[in-house]
Amino acid sequence: MSEEEDSLRAAFEGGERVRTISGAPSRAVRSSARARKNPEPHDTHPHAHMPPNRTARRGASQARLQRENAHDEIYEKIYVAILEHRLHPGTKLVEERLAEIFNVSRARIREVLARLAHEQIVEIYPQRGAYVARPTIEQTLDVFEARRLIEPAVLRRLIETLTPEKLAKLRQHQELELVARRRVPKRGVIRLSGQFHS
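Residues numbered from 1 in each chain as written. Predicted model: local features only at pLDDT ≥ 70, side-chain atom pairs only at ≥ 80, totals over all residues. Heavy atoms only, no water.

(A) Looking closely at the overall build of the protein chain. Counting its secondary structure elements, the protein chain contains eight helices and three strands. When the helices and strands of the protein chain are listed from N to C terminus, the series reads α-α-α-β-α-α-β-β-α-α-α. Residue burial in the protein chain is summarised as follows: out of 198 residues, 23% are buried. In the protein chain, the proportion of contacts linking residues at least 24 apart, taken out of those at least 6 apart, comes to 62%. Counting every atom, the protein chain has about 14,500 Å² of accessible surface; 55% of that belongs to carbon and sulfur. (Helix = DSSP H or I, 4+ residues; strand = E, 2+ residues; numbered from the N terminus. Buried < 20%, exposed > 50% of the residue type's maximum accessible area, 1.4 Å probe, protein only. Contact = heavy atoms within 4.5 Å. Areas by Shrake-Rupley, 256 points an atom, 1.4 Å probe, with all protein chains shown as cover.)

What follows is the structure, encoded as structure tokens:
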């Protein structure tokens, strides 16, 4: 395993081996394992009274929901790893390694990388693969200029609708940022700053 592959795994693991997306078997995996150990008679199945097509639709929609949740969880883990600079700009995101780390297919990883590319967090090069984006100085200045234009209006709107609960939440977030700034490394500061501005 190369040093690049080691750093890719380390960006998501935090020192422990990732066996499933969340670190624990999904509900579907646990229930299917339970069904294999203790098969139930067909007529005691919770949906046995339902017509077969309705049961199939329910199963398909649950499977789709699980896939979407897994997709969102993988997206979030990669996104946070990039925000916290555990994955540095220019790092190659190898589909095979990510599929292994998250215990999913390469197709699922390609979907996540495409979403990240759409948001300009990842750059995809044909025949070369996906890399963590390296924004240019010009792009960075454009983002800050856009924020300078938008944020005063957002602040005015916040002031008009400020409640004690919102104020308490803002103060709590500010305290989290101060704590993160005192830590080394300061990875959490970037993520918290992004959360504050979203």
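(B) Up close: helix α6 (residues 137-160). End to end, α6 covers 35 Å across 24 residues, agreeing with the expected 34 Å (1.5 Å per residue, within 8%). The element α6 is largely exposed, with a buried count of zero among its 24 residues. (Expected span 1.5 Å × (residues − 1).)

(C) Highlighting the pattern of salt bridges. Under the criterion given, the structure shown has nine salt bridges. The salt bridge involving R148 is made with E145; its shortest N-O contact spans 2.9 Å. Placement of the pair is R148 and E145 together in helix α6, with a separation of three residues, close to one helical turn. For E145, a relative accessible area of 37% gives the class partly exposed. Between E151 and R147 there is a salt bridge, and its shortest N-O distance comes to 3.1 Å. With E151 and R147 both in helix α6 and four residues apart, this pair spans about one turn of that helix. Its relative accessible area of 31% is what places E151 among the partly exposed residues. When its relative accessible area of 28% is taken as the criterion, R147 is described as partly exposed. (Salt bridge = Lys/Arg side-chain N within 4 Å of Asp/Glu carboxyl O.)

(D) How the structure looks around the nonpolar core. Residues F12, I78, L87, L93, L98 and F102 are the most contacted members of the largest nonpolar core, which totals 23 residues. Among the elements of the structure, α1 (3-13), α3 (52-83), α4 (95-102), α5 (106-118) and β3 (129-132) are those that each provide at least two residues to this core. When residues in this core are grouped by element, the largest group, five residues, is from α3. (Core = buried A, V, L, I, M, F, W, Y, C linked by side-chain atoms within 4.5 Å.)

(E) Highlighting α4. Most of α4 is tucked away: six of the eight residues are buried. Every buried residue belonging to α4 is among E95, R97, L98, A99, I101 and F102, and all of these are buried. Trailing α4 by a residue or two, N103 shows a phi angle of about 60 degrees, which is positive.

(F) View of unusual backbone geometry. Positioned with a positive phi, H85 is a non-glycine residue whose angle comes to about 60 degrees. Position of H85 relative to the elements: it lies in the loop between α3 and β1 (92-93). A positive phi angle, near 65 degrees, is found at Q120, a position not held by glycine. Positionally, Q120 belongs in the loop between α5 and β2 (122-125).

(G) Spatial organisation of the packing of aromatic side chains. Considering all chains together, one arrives at two aromatic pairs under this definition. Where Y75 meets Y79, the ring centres are 5.7 Å apart and the plane angle is 15 degrees; that geometry is what we call stacked. One end of the pair is Y75 and the other is Y79, both in helix α3 and four residues apart, which spans about a single turn. Each ring, one from Y125 and one from Y131, has its centre 5.9 Å from the other, and the planes form 65 degrees; the classification is edge-to-face. For the cation-ring pair, R115 lies above Y75, with the distance from its terminal atom to the ring centre recorded as 3.7 Å. (Phe/Tyr/Trp six-rings, centres within 6.5 Å; stacked < 30°, edge-to-face > 60°. Lys NZ or Arg CZ within 6 Å of the ring centre and 35° of its normal.)

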